[in-house]
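Structure at a glance
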Amino acid sequence: VKAFRIAKGNIDYAVDQSSLYEIRSGETVKGGFAEDTAPEYSENAGNVTLQLSLPDLWLNLIGEELKITYRVSGYNAVNGAPAVKTAINDAGTYYLTVTVSVPNYNDFTVYNIVYRVKPVKRTISVSNDLSIEYGDKLPALKGETDDSTKTYDLTVIGTDYAEFSVPGSYYIDYKVSADHIANNYDFIYASPSEAVDGAGRLYFTVTKKAVTFDQLKEAGVFVDAKVVYDGNAHSLSFNAAAFPYVTGDPYIGSYSFEPTYQHDGSSQNNPFTFVEAGTYTVGLQALTLSETPDYYEITVGSATAYNARLTILPRGVTVAADNVAVDYNSVPQYTYTLQATD
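Structure report, in brief. (Residues numbered from 1 in each chain as written. Predicted model: local features only at pLDDT ≥ 70, side-chain atom pairs only at ≥ 80, totals over all residues. Heavy atoms only, no water.)

**Let's talk about the packing of aromatic side chains**
Selection criterion: Put simply, two rings from Phe, Tyr or Trp (the six-membered ring, in Trp's case) pair if the centres are within 6.5 Å, and we call them stacked under 30 degrees between planes, edge-to-face over 60, tilted for the rest. What counts as a helix is a DSSP run of H or I of at least four residues, what counts as a strand is a run of E of at least two, and both are numbered from the N terminus. Note on classification: 1.4 Å probe, protein chains only; a residue is buried when its accessible area is under 20% of the maximum for its type, exposed when over 50%, partly exposed between these limits.
Summed over the entire model, instances satisfying the criterion amount to 24 aromatic pairs. Measuring from centroid to centroid gives 5.9 Å for Phe222 and Tyr261, while their planes differ by 40°, and the two rings are tilted. Taken as a pair, Phe222 in the loop between α2 (213-219) and β20 (225-228) and Tyr261 in strand β22 (residues 257-263) lie far apart in primary sequence, 39 residues in all. In terms of burial, Phe222 and Tyr261 fall into one category: buried.

Okay, structure coming up:
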């Protein structure tokens, strides 16, 4: 008996990429090789194991119809990632290495077959309420999809606003923060944003810093005072140094305040003055910034809401007289002196 061996043959081949038409991962996702048939990224699919196949394609060899099977042995991403992998989990363009097996013939490998996964189009807008006052820092931005199913962190990539920019109109350019997410989605930036060079642009307004009656009271800009009568005029006045400025405000010392005082039914901009001992109630009726910079919106309250009291205390004195010598039946002439006791 003579033994003999039949060697496998080799196949001359050419691969038509348009015939490689599906990628399998539990369920079949069609497309991928042409731009218009590429599947979209699915965040719920996880890693997609590549297993490509053909529609019923048979090869007529030696009078027999033999079925050809295909499998993907790996890929390199178009971004130059060096590792050969066997699964796809991100949108992008991939170079596939396809091995073709035919019974009785040597396997052959086809390299650099292009496979594409398209990013998902998703409309996104800034979900923050950008109510920014003078001196505020920009808040951490959040983006929300139009169907309110997803929220993303946003990164500011450009703005004409700084912490102490004066009240007015400004813009923020932003993108989704995570590169992984950004690569898998083609974000459309919604109104009131607009797309600028592939990013979202949001316009917003910076308003004056609101200062309330309670903040003024707590800061002590207009407070009670007590003095002892000394014959001089005394008054209560607004203390600009105690004003609740934003910490770090570079214009402190440059503000020009114009207070309005009220006493006994009269109003005036200059403080009321008092000389005689007694208790006097004065109201801080209004407080405005009379010129630029004027970056604070001040609310004092009603005409009698912010009152302070000036108390001029009576001065204690001692009356003294020196001893004098007088003749009988005459009226002594004393010299009296007053000496303060406090």
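**Describing the pattern of salt bridges**
Convention followed: Within this document, salt bridges are pairs made up of a side-chain nitrogen of Lys or Arg and a carboxyl oxygen of Asp or Glu, the two lying within 4 Å of each other.
Here the structure, examined in full by the defined rule, presents 7 salt bridges. Lys142 is paired through a salt bridge with Asp153; the nearest N and O atoms lie 2.3 Å apart. Of this pair, Lys142 sits in strand β13 (residues 142-145) while Asp153 sits in strand β14 (residues 151-159); the two residues are 11 residues apart in sequence, bridging distant segments of the chain. Several salt bridges share partner residues, and in doing so they unite Glu133, Asp136 and Lys209 into one network.

**Quick look at the nonpolar core**
Put simply, the rule reads: Among the buried residues, those of types Ala, Val, Leu, Ile, Met, Phe, Trp, Tyr and Cys that are joined through side-chain atoms within 4.5 Å form a nonpolar core. We call two residues contacting when some pair of their heavy atoms lies within 4.5 Å.
By size, the foremost hydrophobic cluster in this structure holds 30 residues, and its most contacted members are Leu216, Phe222, Phe243, Phe257, Tyr296 and Ile298. At the level of elements, β22, β25 (278-289), β26 (296-298) and β27 (307-313) are the ones that each hand at least two residues to this core. Sort the elements by how many residues they give to this core and β25 lands first, with 5 residues. Dropping the residues within four chain positions of it, Ile298 is found in contact with Val211, Leu216, Phe243, Phe257 and Leu287. Within the second largest apolar cluster, 24 residues are counted, among which are Val120, Tyr152, Leu202 and Val206.

Shape descriptors only; they carry no functional weight alone.
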